[in-house]
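An overview of the molecular structure
Listed here are the chains, written in short residue letters.
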Amino acid sequence: MSVRRHLSYIFSLFLFSLAMAAPTALEHEPLRFRNSFQTPEEVVRYYCGRDASGFVWSGLLEVERKAFTFWKELPEQDSFYVAQKYEIASARMDTAQNEASVEVTYELLGVADAHGTVVPAQEQERRVVFRLKKDRGAWKILSPEAASIAPVVLASKFQFANL
Amino acid sequence: MKAQMPIRIRVTLTIVLSIAIQSSLGHSAQQAFAAEPSIPSATTGETSNKDPCDNFPLPDTGTISVPQVPDATGTTGSAGQNAPAEAKPAEQPKRSEKSILSKIRNDLSRLSRGFGASSNSVSLQNALMLSQLARGNELSDSALKKSQQLKNAEESDRKILDQQYNDVSKSELESRLKRAESELGRMSKLLDQGRVSDISQADQAQLRNTLLNAADKARIAQTLLNEPQNGNPKTNPLFSNDKMRELFSKLNREQDSVIDRLLLFNGLLERERDALLQRLFLAENVRVALPNGQSKLIPLLHNGYLNATGKSDLDCPTFVAATLSPKFRKANLTTMDLRGIWSLSRTGELPEGVKWGKGREEILRKVSRGFEAIDLYIGEFPEPGDLLVHRIPWQPNGRVLIVKSYDPKRMVAQVAEPSADGTRLIEFSFPLSLDPADKDFRKIRPGLANLRLLAEDNGACRYKDPSPQKNALNKRNGENKR
């Protein structure tokens, strides 16, 4: 029993060392050209995935704006929230209006910019309700609007947050 | 008697009087104003260090919260086009001298009101206002001109790159797109692993994401290439079908523009890229230092503001343009940085409660020497040409506005910020207080920092404007090349 425990411990150490030695290649949510998502949650998951790697902060593309949102402009903020993780709740459907609401709960660490400047978070949790509308078979983000939405990166996905 | 007095004598008299008032009272100008019975108590400001909900606690500025003085600066007069040099002081004042000058100016304008509306001193005050207004317009116009120059440079670069793809066969285009995807992916990995010298960390972050987007776009384009062709086969094959046209539309905005240029550039062979690099306006070779001690040189196409902040020869229109636009603030001076600059300029110290990025304090200290910090919360007013920063520290949304005029009675500033494409300024009214206009005490809204760029060469920028053509010439001479 003791030998097994020792082996298990050594194996865990080995795995940990491997993980630490691995190159810092950060997976990112790849750019999409077409909105082929079937549900509002999938659209929000795509948006949050892009946001997590800093693509909302660095600038979404026009094809994304048109495919996934009703926005007239793109979000432009020089700073961003840094989150530990986020959770996307199930959509609340309003079938009569062809609309849906999806709430995202972020566990915040702070507010930062890509120079590495950080202000600690005032509140640990941030909730954002995305309202989506179906347009020619595709769910698109209606609100929050581009001017008011704030980028949220994940500390594990965007190394420039420096937390 | 007063009306017949020559203006030069009256100016001297006014200055002497104002200094005498200050020295005899032994207080600051603001404190002197607080004792003035004619000052209404309707516009009490709030000190920035008394409301921790909205602003950072700052070191003691030695000032107190006092009622605001209406009409200390005005907003009348038409826009002039004077050169910034015309608004220059004789010599750059030090911090304390600047404060005295500011107080004298306030006293001067206050005292001049006593001489009657038709007197020459009112003309003098108007001249002062016109000068400030001209400087404000000069700054915003120059910033706009700079943005337009860069847009022209971008279009020129895109045209040069498009030409490389004219009459290219479908198979050759496919091969180029594959090459671009591979090259861009390789470069983004280098940026993930290493540190690019001579550019800021934020520039690197932005470039890394731009490279990833460009690689993804190259991958998407390969799949779209097999869609039915419905374009003119003799034109650029990038526009051979509807979806490709949508993906590579030249109507797409700036972010797409740099991505498309990167994609087109990296689709070419190495020798073609090397030759082309000399012809592009917005391209640099940058060196990436890798963790294993090696370094790699990579060509980067950018938007014209690569590592603009802190450069010793940065011209003021570029500085203002990069500061006004959120697009360019990301990698240069963010709204948080500008709040830091305000604090450094005012108190010599950075705001508390912030962990500043590595090496950031040094840059901010240098840039802060180019500004006079105006404290709206103790009754100082914005003037034309000021940069009005609005940022609640623990919220990432912020903006920077250039002041065109200010109405102290209504507490409303007429401000401007660049349009999304950066080619024009959008003017609008920005109330400095969110309290109702008829309220007795109107507080200044939280999160404001007013910065006045010095009217002569300073720590932030220089009043010279090297044209893109000159830069291009320098580049062709190999100054910016490997």
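Criteria and thresholds
- Residues numbered from 1 in each chain as written.
- Chains lettered and ligands numbered in written order.
- Predicted model: local features only at pLDDT ≥ 70, side-chain atom pairs only at ≥ 80, totals over all residues.
- Domains from an automatic or database assignment.
- Helix = DSSP H or I, 4+ residues; strand = E, 2+ residues; numbered from the N terminus.
- Nonpolar A, V, L, I, M, F, W, Y, C, P; charged D, E, K, R; others polar.
- Buried ≥ 20, exposed ≤ 12 C-beta atoms within 10 Å, placed from the backbone.
- Contact = placed C-beta atoms within 7 Å.
- Pairing = 2+ DSSP bridges.
- Axes fitted to C-alpha atoms, helices over the stretch in contact; angles between N-to-C directions.

Quick look at the domain arrangement of chain B
A common way to state how big an interface is: give the accessible area lost once the parts meet. Residue and element names in this part refer to chain B. For chain B, the domain assignment lists domain 1 (39-82 + 126-146 + 314-453) and domain 2 (168-308). When contributions to the side of domain 1 that touches domain 2 are tallied by element, the ones reaching two or more residues are α10 (316-324) and α11 (326-329). Partitioned by chemical class, the residues of the side of domain 1 that touches domain 2 number 5 nonpolar, 3 polar and 3 charged.

A few points about α10 of chain B
Of all 9 residues in α10 of chain B, 9 are buried, a share of seventy percent or more. All buried positions along α10 of chain B are accounted for by Cys316, Pro317, Thr318, Phe319, Val320, Ala321, Ala322, Thr323 and Leu324 of chain B.

Let's talk about the interface of chain B and chain A
Listed per partner, the contact involves 44 residues of chain B and 36 residues of chain A. Among the secondary structure elements, those contributing two or more residues to the side of chain B that touches chain A are α5 (170-193), α6 (201-224), α7 (242-247), α8 (254-266), α11 and α12 (335-347) of chain B. Per-element tally for the side of chain B that touches chain A: the top contributor is α6 of chain B, with 11 residues. Looking at side-chain class alone, the side of chain B that touches chain A contains 15 nonpolar, 16 polar and 13 charged residues.

Description of the sheet that holds strand β6 (residues 398-407) of chain B
Residue and element names in this part refer to chain B. The 6 strands are arranged β4-β9-β5-β6-β7-β8 in an open sheet whose pairing can be described as antiparallel. Whereas interior strands pair on both sides, the edge strands pair on one side only; in this sheet they are β4 (371-374) and β8 (425-431). Sheet twist, expressed as the average angle between the axes of neighbouring strands with direction ignored, equals 35°. Note that strand β5 (residues 387-391) and β6 share 5 bridges and pair antiparallel. Its bridge partner being in β6, Leu387 is matched across the sheet by Ile402. Lying on the sheet, α10 is in contact with β5, β6, β7 (412-418) and β9 (448-453); it crosses β6 at an angle near 115°.

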